Amino acid sequence: MTKRVGLTGGIASGKSTVSDMLRELGAVIIDGDALAREVVEKGTPGLAAVVEEFGTELLTDDGHLDRPAMGALVFSDVDARKRLEGIIHPLVFERIIELETGAPDGALVVHDIPLLAESGRADTFDAVVVVDAPAEVQVERMIGDRSWTREEAAARMAAQASREDRLAIATYVIDNTGTIEDLRRRVTEVFEELTA
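Residues numbered from 1 in each chain as written. Predicted model: local features only at pLDDT ≥ 70, side-chain atom pairs only at ≥ 80, totals over all residues. Heavy atoms only, no water.

A.B. asks: So what about the overall build of the chain? Which residues, and what values?
C.D. replies: Along the chain, the regular secondary structure elements total 10 helices and five strands. In terms of overall dimensions, the chain is globule-like: its C-alpha atoms have a radius of gyration of 17 Å, near the 16 Å expected for 196 residues. Buried residues in the chain amount to 38% of all 196 residues. By element, 53% of the accessible surface of the chain is carried by carbon and sulfur atoms, the whole surface being about 10,400 Å². A distance of 2 Å separates the average location of the 21 positive side-chain charges in the chain from that of its 37 negative side-chain charges. (Helix = DSSP H or I, 4+ residues; strand = E, 2+ residues; numbered from the N terminus. Rg over C-alpha atoms; globule rule 2.2 N^0.38 Å. Buried < 20%, exposed > 50% of the residue type's maximum accessible area, 1.4 Å probe, protein only. Areas by Shrake-Rupley, 256 points an atom, 1.4 Å probe, with all protein chains shown as cover. Lys, Arg positive; Asp, Glu negative; His and termini not counted. Charge placed at Lys NZ, Arg CZ, Asp CG, Glu CD.)

Here's what the structure looks like:
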């Protein structure tokens, strides 16, 4: 029996690192962010729909989606974000179904979903794993790792569910404030419980 798990965490919580560790342990990872990029690659119907909705100013000179321009637009305009999600989410959902259907029987299928708390879909999974770090840690990581300003970091965090909202949907919490060895140990514990 395949077990479906939702994996989430706020921006700069370390969710991608946890996702990589789960993949190394043998989980099938379905990455919502990667699929959201895939469905609007150059030449896809998804990109054509985005251009139809928002205009060609969101394209780079070589015809790809200008991600920084799109990001700037949707993080400052709730209506634009909802319109973009209306295009991308159904396309991502189709790909998720394909990937889930193709997973080996008995696999642990982990859906890496940054905005799981916001989506209201936590109850569609057998378990939810939340990667957790305090807000100040997230901000410092965005400043240090991504060279963002404190204001940019705060704006991105404000566009996401609160830490409390994420923790409220958690079956398992993975604290990511320690060393990489601490993190790997906790991820392995959770993986073993989920596959027991």
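A.B. asks: Residues and numbers for helix 10 (residues 180-195), please.
C.D. replies: Helical geometry: 3.6 residues make up each α-helical turn, so side chains three or four residues apart lie on a common side. The end-to-end C-alpha distance of helix 10, which contains 16 residues, comes to 22 Å, matching closely the 22 Å that a straight helix rising 1.5 Å per residue would cover. Among the residues of helix 10, those classed as buried are Leu183, Val187, Val190, Phe191 and Leu194. Considered in projection along helix 10, the buried side chains sweep an arc of 100° and stay on one side of the axis. Against the buried residues of helix 10 lie strand 1 (3-9), helix 1 (15-24), strand 3 (108-112), strand 4 (127-132) and strand 5 (172-175). (Expected span 1.5 Å × (residues − 1). Arc of directions from axis to C-beta. Contact = heavy atoms within 4.5 Å.)

A.B. asks: Explain the side chain of Arg166 to me, and be specific about the residues and the numbers.
C.D. replies: Among the secondary structure elements, Arg166 is positioned in helix 9 (residues 163-168). The side chain of Arg166 is buried and forms no salt bridge, while Glu118, the nearest opposite charge, is found at 4.9 Å. In contact with Arg166, not counting residues within four places along its chain, are Thr8, Gly9, Gly10, Ala117, Val130, Gln138, Gln160 and Ala161. (Salt bridge = Lys/Arg side-chain N within 4 Å of Asp/Glu carboxyl O.)

A.B. asks: Hey, could you go over the sheet that holds strand 3 for me, with residue numbers and the actual values?
C.D. replies: Read from one edge of the open sheet, five strands run 2-3-1-4-5, paired in parallel fashion. Strands with a single pairing partner mark the edges of an open sheet, and in this sheet they are strand 2 (28-31) and strand 5. Each adjacent strand pair in this sheet contributes to an overall mean axis angle of 25°, direction not counted. Relative to strand 3, strand 2 runs parallel, the two sharing four bridges. Bridge pairing in strand 3 links Ile29 to Val110. (Pairing = 2+ DSSP bridges. Axes fitted to C-alpha atoms, helices over the stretch in contact; angles between N-to-C directions.)

A.B. asks: Could you give an account of the packing of aromatic side chains, naming the residues involved and the relevant values?
C.D. replies: Per the counting criterion, the structure on display carries zero aromatic pairs. Over the aromatic face of Trp148 sits the side chain of Arg146, whose NZ or CZ is 5.4 Å from the ring centroid. (Phe/Tyr/Trp six-rings, centres within 6.5 Å; stacked < 30°, edge-to-face > 60°. Lys NZ or Arg CZ within 6 Å of the ring centre and 35° of its normal.)

A.B. asks: Help me get a handle on the layout of surface pockets, residues and values and all.
C.D. replies: Approximately 1,700 Å³ is the volume found for the largest pocket. Asp33, Ala36, Phe75, Pro114 and Leu115 are, among the 50 residues lining the largest pocket, the residues nearest its centre. When residues of the lining of the largest pocket are traced back to their parent elements, those giving at least two are helix 1, strand 2, helix 2 (32-38), helix 4 (67-74), helix 5 (78-101), strand 3, helix 6 (116-119) and helix 7 (135-146). A per-element tally of the lining of the largest pocket places helix 5 first, with 10 residues. A breakdown of the residues in the lining of the largest pocket according to their chemical character gives 22 nonpolar, 13 polar and 15 charged. (1 Å grid on protein atoms, 1.4 Å probe; cavity = no way out; pocket = protein on both sides within 12 Å on 5 of 7 lines; lining within 4 Å. Points joined across faces, edges and corners; volume = space filled by probe spheres on them. Nonpolar A, V, L, I, M, F, W, Y, C, P; charged D, E, K, R; others polar.)

A.B. asks: How would you summarise the environment of Asn176 if you had to cite specific residues and measurements?
C.D. replies: Tracing the backbone through its elements, the reader meets Asn176 in the loop between strand 5 and helix 10. Note: C-alpha distance between Asn176 and Ile97 (79 residues apart in sequence) is 30 Å. Setting aside chain neighbours within four positions, we find Asn176 in contact with Ser13, Gly14, Val131, Asp132, Ala133, Arg141 and Leu183. There is a polar contact of 2.8 Å between the side chain of Asn176 and the backbone oxygen of Ser13. (Polar contact = N/O pair within 3.5 Å; in protein donor to acceptor, adjacent residues only side chain to side chain.)

A.B. asks: Go over the packing of helix 7 against helix 8 (residues 150-158), please, and point to the residues and values.
C.D. replies: Running from N to C, helix 7 and helix 8 cross one another at 130°; their axes reach a closest spacing of 9 Å. Relative to helix 8, helix 7 is oriented oblique. Considering only the axes of helix 7 and helix 8, their crossing is right-handed. Where helix 7 abuts helix 8, its residues Ala135, Glu136, Gln138, Val139, Glu140, Met142 and Ile143 lie against Arg150, Ala153 and Met157. The residue inventory of the contact of helix 7 with helix 8, partitioned by class, reads six nonpolar, one polar and three charged. (Parallel < 35°, antiparallel > 145°, perpendicular 65-115°, else oblique. Left-handed = near helix turned anticlockwise from the far one by under 90°.)

By themselves, these observations are geometric and do not establish any function.
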